[in-house]
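Understanding the architecture of this molecule
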Amino acid sequence: MKKIWILMILIVGCNSKSCNLDKIAGTLGAFQKWSFAISEMQMEKGIENLYTQNPNCRIPEKWVHLDDWKQGGYGFLNGKIFYFEDQPEEMYFVSYYEGSMDSQDVLVISVRAVNNGSSWSTVDDFRFREPEQKRIDNRFHEEIIKKLEKLLNVKAQKYKP
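Reading guide: rules and limits
- Residues numbered from 1 in each chain as written.
- Predicted model: local features only at pLDDT ≥ 70, side-chain atom pairs only at ≥ 80, totals over all residues.
- Heavy atoms only, no water.
- Core = buried A, V, L, I, M, F, W, Y, C linked by side-chain atoms within 4.5 Å.
- Buried < 20%, exposed > 50% of the residue type's maximum accessible area, 1.4 Å probe, protein only.
- Helix = DSSP H or I, 4+ residues; strand = E, 2+ residues; numbered from the N terminus.
- Contact = heavy atoms within 4.5 Å.
- Phe/Tyr/Trp six-rings, centres within 6.5 Å; stacked < 30°, edge-to-face > 60°.
- Axes fitted to C-alpha atoms, helices over the stretch in contact; angles between N-to-C directions.
- Parallel < 35°, antiparallel > 145°, perpendicular 65-115°, else oblique.
- Left-handed = near helix turned anticlockwise from the far one by under 90°.
- Nonpolar A, V, L, I, M, F, W, Y, C, P; charged D, E, K, R; others polar.
- 1 Å grid on protein atoms, 1.4 Å probe; cavity = no way out; pocket = protein on both sides within 12 Å on 5 of 7 lines; lining within 4 Å.
- Points joined across faces, edges and corners; volume = space filled by probe spheres on them.
- Pairing = 2+ DSSP bridges.

1. Some details on the nonpolar core
- Judged by nonpolar contacts, the single largest core of 28 residues is most densely connected at Phe36, Met43, Phe82, Ile109, Phe140 and Leu148.
- Counting residues per element, this core draws most heavily on helix H4 (residues 130-152), at six residues.
- For phenylalanine 140, the contacting residues outside a window of four places in its chain are Trp34, Tyr92, Val94, Ile109, Ser110, Val111 and Ile145.
- If you look at the next biggest cluster of nonpolar residues, it comprises twelve residues, including Tyr83, Phe93, Ala113 and Trp120.

Right under this line is the structure:
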């Protein structure tokens, strides 16, 4: 019984700053999710081919310092960064994972965060800015998903678990 009280005191008395919980990775949320009926290895190869054919999608030297996902506790994600030099200049942190749709195994890919050269913003930061959220979803579809579809020879679908 004494152990339970000590545990309760620790839990109640521990806020995010004093226990350093703000350093633990939380949920990022996601913009529009897309599914591909492919394996993780196929996606890896597709993304590498996309980078090869579109080297301007790689992080520019001036923004390399913003790729701090592993240090922030998100190294477990299959994350990639795509850079867009056309206005608005920005980068998308994208991740993919295995999922299921209509009882079929699929690979789900989505934008997890957006950076305009200063800081990362998640979908929650855009919750009251629907036109901006739609712009990001459309850009991702037009400039990444469509290219991956051609490279992988597989049609993507909006993900509906």
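Moving on from the coordinates now.
2. Notes on the packing of aromatic side chains
- Summed over all chains, the structure comprises seven aromatic pairs.
- Ring-pair connections join several aromatic residues into one group, and the members of that group are Trp69, Phe93 and Trp120.

3. Remarks on the packing of helix H2 (residues 40-53) against H4
- The geometry of H2 relative to H4 is characterised by a closest axis approach of 9 Å and an angle of 110° between their N-to-C directions. What the angle tells us is that H2 and H4 run roughly perpendicular. Here the hand of the crossing between H2 and H4 comes out right-handed. On H4, the residues touching Gln42, Met43, Gly46, Ile47, Asn49, Leu50 and Gln53 of H2 are Ile144, Lys147, Leu148, Leu151 and Leu152.
- Class assignment for the residues of the contact of H2 with H4 results in seven nonpolar, four polar and one charged.

4. What about unusual backbone geometry?
- Cis peptide bonds are those with omega within 30 degrees of zero, and the linkage from glutamine 87 to proline 88 qualifies with -5°.
- The residue proline 88 is located in the loop between strand S2 (78-84) and strand S3 (90-101) in this model.
- A positive phi angle, near 55°, is found at asparagine 153, a position not held by glycine.
- With respect to the secondary-structure elements, asparagine 153 resides in the loop between H4 and strand S6 (157-158).

5. Details of the layout of surface pockets
- Roughly 300 Å³ of internal volume is contained in the largest pocket.
- Of all the elements in the fold, those that place two or more residues in the lining of the largest pocket are helix H3 (70-74) and S2.
- Split into classes, the residues belonging to the lining of the largest pocket amount to seven nonpolar, three polar and four charged.
- For the second largest pocket, the calculated volume is near 160 Å³.
- Going through the elements one at a time, H3 and strand S5 (120-122) are the ones with two or more residues in the lining of the second largest pocket.
- Looking at the lining of the second largest pocket residue by residue, the class counts come to five nonpolar, four polar and two charged.

6. Focus: the pairing of strand S4 (residues 104-115)
- Counting buried residues along S4, ten of its twelve residues qualify, which places the element largely inside the surrounding structure.
- Where strand S1 (residues 33-36) meets S4, four bridges bridge the pair, whose relative direction is antiparallel. Following the sheet pairing, serine 35 is matched in S4 by valine 108.
- Bridge analysis of S3 against S4 gives eleven bridges, and the strand direction is antiparallel. Pairing of valine 94 across the sheet is with valine 111, part of S4.
- Turn length for the S3-S4 hairpin, with the two strands adjacent in sequence and antiparallel, is two residues, and the turn residue aspartate 102 shows positive phi of about 50°.
- Pairing between S4 and S5: three bridges, direction antiparallel. Bridging across to S5, valine 114 finds its partner in serine 121.
- Linking S4 back to S5 in an antiparallel pair, the connection comprises four residues, with glycine 117 at a positive phi of about 105°.

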